[in-house]
Amino acid sequence: MKLKRFTILLISLVFAVWQSFAQSVPSGYSVGTWSGFRTAAATFTFDDDAPSHISVAAPAFEER
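Residues numbered from 1 in each chain as written. Predicted model: local features only at pLDDT ≥ 70, side-chain atom pairs only at ≥ 80, totals over all residues. Heavy atoms only, no water.

Visitor: Give me the overall build of the chain: which residues, what numbers.
Guide: From N to C terminus, the chain includes two helices and zero strands. Considering the chain as a whole, with its 64 residues, one finds that 3% of them fall into the buried category. As displayed, the chain has an accessible area near 6500 Å², and 64% of this comes from carbon and sulfur atoms. (Helix = DSSP H or I, 4+ residues; strand = E, 2+ residues; numbered from the N terminus. Buried < 20%, exposed > 50% of the residue type's maximum accessible area, 1.4 Å probe, protein only. Areas by Shrake-Rupley, 256 points an atom, 1.4 Å probe, with all protein chains shown as cover.)

Visitor: Outline a nonpolar patch on the surface, listing residues and values.
Guide: Together, Leu3, Phe6, Leu10 and Val14 make up a nonpolar patch on the protein surface, roughly 420 Å² of accessible area in all. Note that Leu10 resides in helix α1 (residues 2-22). Assessed through its relative accessible area of 42%, Leu10 is described here as partly exposed. (Patch = residues over 30% accessible without salt bridge, like charges linked within 9 Å, V, L, I, M, F, W, Y side chains within 5 Å. Salt bridge = Lys/Arg side-chain N within 4 Å of Asp/Glu carboxyl O.)

Structural data, given as structure tokens:
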């Protein structure tokens, strides 16, 4: 029983120390600097290298 308590205490201590370091981000930094400083982004990929990627898709993306 003492070993179980010690293990739980040790895991709790390690977790608490880990959390304190994980959240120490200096102010003044910006995370995710997408266009207009939006909070999210989407990625589109085109694999087949079709000519319509430039003539159709590029203007559609620029419009939005």
